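Analysis of the macromolecular model
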Amino acid sequence: MKALVCVKRVIDYNVKPRVKADGTGVDLANVKMSMNPFDEIAVEEAIRLKEKGVVTEIVAVSVGPQKAQETLRTALAMGADRAILVMTDDEMEPLAVAKIVKAIADEEAPGIIITGKQAIDDDNNQVGQMIAALLGRPQGTFANEITVEGDAIVVKREVDGGLETVKLAAPAIVTTDLRLNEPRYASLPNIMKAKNKPMAQKTPADYGVDTTPRLKTLKVVEPPVRVAGIKVPDVDALVAKLKEMGIPA
Amino acid sequence: MKTLVWVEHDNASVKDATLAVVTAASKLGEVHLLVAGSGCAAVADEAARIEGVGKVHLADDVVYANALAENVAPLVVELMGHHDAFLAPATTTGKNIAPRVAALLDVMQISDILSVEGEKTFTRPIYAGNAIATVESTDAKLVITVRGTAFAKAATSGGAGTVEAVAGKGDSGLSSFVGSELAKSERPELTSAKIIVSGGRALKDAETFKAVIFPLADKLGAGIGASRAAVDAGYVPNDYQVGQTGKIVAPQVYLAVGISGAIQHLAGMKDSKVIIAINKDEDAPIFQVADIGLVGDLFTLVPELTGKL
Ligand SMILES: Cc1cc2nc3c(=O)[nH]c(=O)nc-3n(C[C@H](O)[C@H](O)[C@H](O)COP(=O)(O)OP(=O)(O)OC[C@H]3O[C@@H](n4cnc5c(N)ncnc54)[C@H](O)[C@@H]3O)c2cc1C
Ligand SMILES: Nc1ncnc2c1ncn2[C@@H]1O[C@H](COP(=O)(O)O)[C@@H](O)[C@H]1O
C-alpha cells in the first residue's frame, strides 16, 4: 500500500517562544524552525512499514510557506520517496489542512495516512481526526504501535488510562504518539540523494479548497509568569514548610 | 445557546473530567448531556444529578461500548441538529472524537479552552502554554474541548435533569475494539489528585523509581506522575506522563523529583498551586517556577523526607 505522511514546519522544540509586543502572535523571525517532532515519528513509521514490505511508496505532504520545502527535503532524506508542497503564506487551520490532504488522498489513494498527533505550535490535535472524518475512514489516534494484518491496520493507542487496541479497515488514518518509534537521522548520502527526489508544487486553489480562517485571533498574550520562590537548606526545612501547608493531612 | 456535553464514563459511573466541561458549557447556555455507551443507564441517572444539567440524551447500544469515534461521531452530528455547541473534555477520548465531529459539521474546533470570554470567544494555550490566544469563532456551530484544570468542577448533586433515550446510529463497520491494558491503581488519578509526586530521568530505572518515589507518594496520599524521559525509558507507563503532550495537572502541591523542567514538562504542571522541586543542579530550569526548591541528591533527600513525614 501507499503511505501518505503529513509534515508541518514548526518552531524547533528547543526554542522558547516569545510573544510579540503588539499581541498579534508569536515572534518567528530568526527563530530556528524544524519538522514537527510528531511528524518525524510519522515519517519514521512509514519508512519502517516500507522496510517490512507493507508500504510500497511514501509520499510526504506539507501545507505551508515556500520554506516548508526544507521540511519536505528532510522527510525525503529520511526515506520518503516523493513530496508535495501545497504552498501558501496564509495561516492554515486544521480544517483547511485536512480538506487539502483529503483532496490529495482522493488522487493518490493511499492505504494509510500517517500524521502527528499534534503540531507543537498551535497544539490543536485535530488534523488526523478531521482527515479521517472527511474521507469517511477509520482513525487510530495517539499510536504506540502499528501492525498491518492484510486489510486491517491494528493500532495500539496511548490513552489516559493506559493502552487500548483498535482494529481499523484500510485505508485508515493513524496519528503518532511519542513512544511509536525513535526517528532516524538522515545520513549525509541520503541528504544528497533527497535533492533529486521529486517534489510537486501546488496551491490550495489547485484542490479547490477555501482556506478562509474560521477562527479570528483577537490577541495573543504571555501567560501569567510564575516567579521563583525560595530555596530551603535541608529536608527539615522542607518538612516544616509542608507542615505549614497542613501536609501530610 | 443549547450546548451538548460529552459525558466521559466507563459505562458504570461518570468520570470527573465531565464536571469541568459542564461548568464551561453553563457559561454558554443550557446544558444538555450525551451519555453514549453500553449498559450505561446508571451513568445517565448519575449525570442527570449534576448541578445545572437539563436534558440527558442516553444512547445505550453495544456499538458505543468503547466510544469508537467512527460510531460516536455520526450520533453527535445528528444531535447537533438541535444544539449549538458540542463540548468534550480534553482527554484522550474527547480529543479523539471532537475533531471528527467538527469536520463532519464543517466547523473549526477550538481546542483546550481555558476560559469563556463571550458567546463565541475563548482563550486557549498555544506553543506549550507559552502564549495564550483569544480566539473568536465565525462558525455557525461550536465544537470545543475543555481543559479540565481551567474550570471548577460542577457539583455532582442538586441537578434535576431528565433522561431521554436516543436511538443508536449503528456500527460504522470501519473499526472495532480489540482490547485494553488499563492500569489499576489505588492511588488518586493524576488529573484529580491534590498532591502529585513526579519523577524524572534521574530515577535511573523502574525499580529505583518505585523504591524512591512510591513510598513518598504513599506517605502523602499522592498521585504519581513522570516526565517524558522517565516514561520513554520505561520507568513507568505512558499514562503517567505530565506535560504539553501528556496530562495537564494543577494539584495543590506538585513535587518534581529529578526533573529538569523542560518547557514541554512545565506546560503540564505550571498551574499547580505550590511547586516543590528537588534537583541536584541548582541551575535547573524547574527552580525558576518552583515555590520551594531543595538542591541536592534525590537518593539521599527523598528517603530522608519520606522518613521524616
Ligand atoms: C514533541 C515533544 C513533546 C514532549 N512532551 C513532553 C511532555 O509532555 N512531558 C515531558 O515531561 N516532556 C516532554 N518532552 C520532553 C522534554 O523536552 C524533556 O526532554 C523532558 O521533559 C526531560 O525529562 P527529565 O526532566 O526527566 O530529564 P532531564 O532533562 O534529563 O533532567 C533530569 C534532571 O535530573 C537531575 N538529576 C540527575 N541526577 C540527580 C540526582 N541524583 N538527584 C537530584 N537530581 C538529579 C538533573 O540535574 C536534571 O535536571 C517532549 C519533547 C518533545 C520533543
Ligand atoms: N500545515 C500542515 N501541513 C502538513 N501537515 C500538517 C499541517 N498542519 C498539521 N499537519 C499534520 O497534522 C498533525 C496534527 O496537527 P494539528 O492538528 O494542527 O495539531 C501534525 O502533526 C501534522 O502531521
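If you're wondering where the values come from, they're calculated on a predicted model, not measured in any experiment.

1. Considering helix α2 (residues 41-48) of chain B
All names here are of chain B. Those residues of α2 lying buried are V43, A44, A47 and A48. Buried residues of α2, seen end-on, are gathered within an arc of 135° and therefore sit on one face of the element. Each element contacted by the buried residues of α2 is listed here: β2 (30-37), β3 (53-60) and β10 (162-165).

2. Some points on the site of ligand 1
Lining the immediate environment of ligand 1, one finds 28 residues, of which R201(B), S227(B), Q241(B), S260(B) and N279(B) sit closest. Mapping the residues near ligand 1 onto chains gives chains A and B. Interatomic distance of 2.5 Å between a side-chain N/O atom of S227(B) and an oxygen atom of ligand 1. Here a nitrogen atom of ligand 1 sits 2.8 Å away from a polar atom, N or O, in the side chain of T245(B).

3. As for the site of ligand 2
Residues and elements named next belong to chain A. Close to ligand 2 lie 18 residues; D39, V63, A119, N125 and Q126 are nearest. Within the side chain of D39, an N or O atom sits 2.5 Å from an oxygen atom of ligand 2. A distance of 2.7 Å is found between an oxygen atom of ligand 2 and a backbone nitrogen or oxygen belonging to A119. Protein coverage of the free-state accessible area of ligand 2, which is 480 Å², stands at 98%. Looking at the shell around ligand 2 element by element, the count peaks at three residues for strand β4 (residues 57-64). A breakdown of the residues in the shell around ligand 2 according to their chemical character gives eight nonpolar, eight polar and two charged.

4. With respect to the sheet that holds strand β9 (residues 162-169) of chain A
The ten strands lie next to each other as β11(A)-β5(A)-β4(A)-β1(A)-β6(A)-β10(A)-β7(A)-β8(A)-β9(A)-β11(B), forming an open sheet whose pairing is mixed. Two strands close off the open sheet at either side, each with one partner strand: β11 (199-202) of chain A together with β11 (175-182) of chain B. Going across the sheet, the axis of each strand differs from the next one's by a mean of 25°, ignoring polarity. Of the strand pairs in this sheet, strand β6 (residues 112-116) of chain A and strand β10 (residues 172-176) of chain A are connected by five bridges, and their pairing is parallel. Within β10(A), the position partnered with I112(A) by the bridge is A172(A). Those strands touched by helix α2 (residues 68-78) of chain A are β4, β5 (82-87) and β11 of chain A, and its axis lies near 165° from that of β5(A). The sheet contacts of helix α4 (residues 92-105) of chain B involve β7 (139-149) and β8 (152-159) of chain A, and relative to β7(A) the element is tilted by about 85°.

Thresholds, definitions, all that
Residues numbered from 1 in each chain as written. Chains lettered and ligands numbered in written order. Predicted model: local features only at pLDDT ≥ 70, side-chain atom pairs only at ≥ 80, totals over all residues. Heavy atoms only, no water. Buried < 20%, exposed > 50% of the residue type's maximum accessible area, 1.4 Å probe, protein only. Helix = DSSP H or I, 4+ residues; strand = E, 2+ residues; numbered from the N terminus. Arc of directions from axis to C-beta. Contact = heavy atoms within 4.5 Å. Near = heavy atom within 4 Å. Polar contact = N/O pair within 3.5 Å; in protein donor to acceptor, adjacent residues only side chain to side chain. Areas by Shrake-Rupley, 256 points an atom, 1.4 Å probe, with all protein chains shown as cover. Nonpolar A, V, L, I, M, F, W, Y, C, P; charged D, E, K, R; others polar. Pairing = 2+ DSSP bridges. Axes fitted to C-alpha atoms, helices over the stretch in contact; angles between N-to-C directions.

All quantities given are derived from atomic positions and should not be read as evidence of function.
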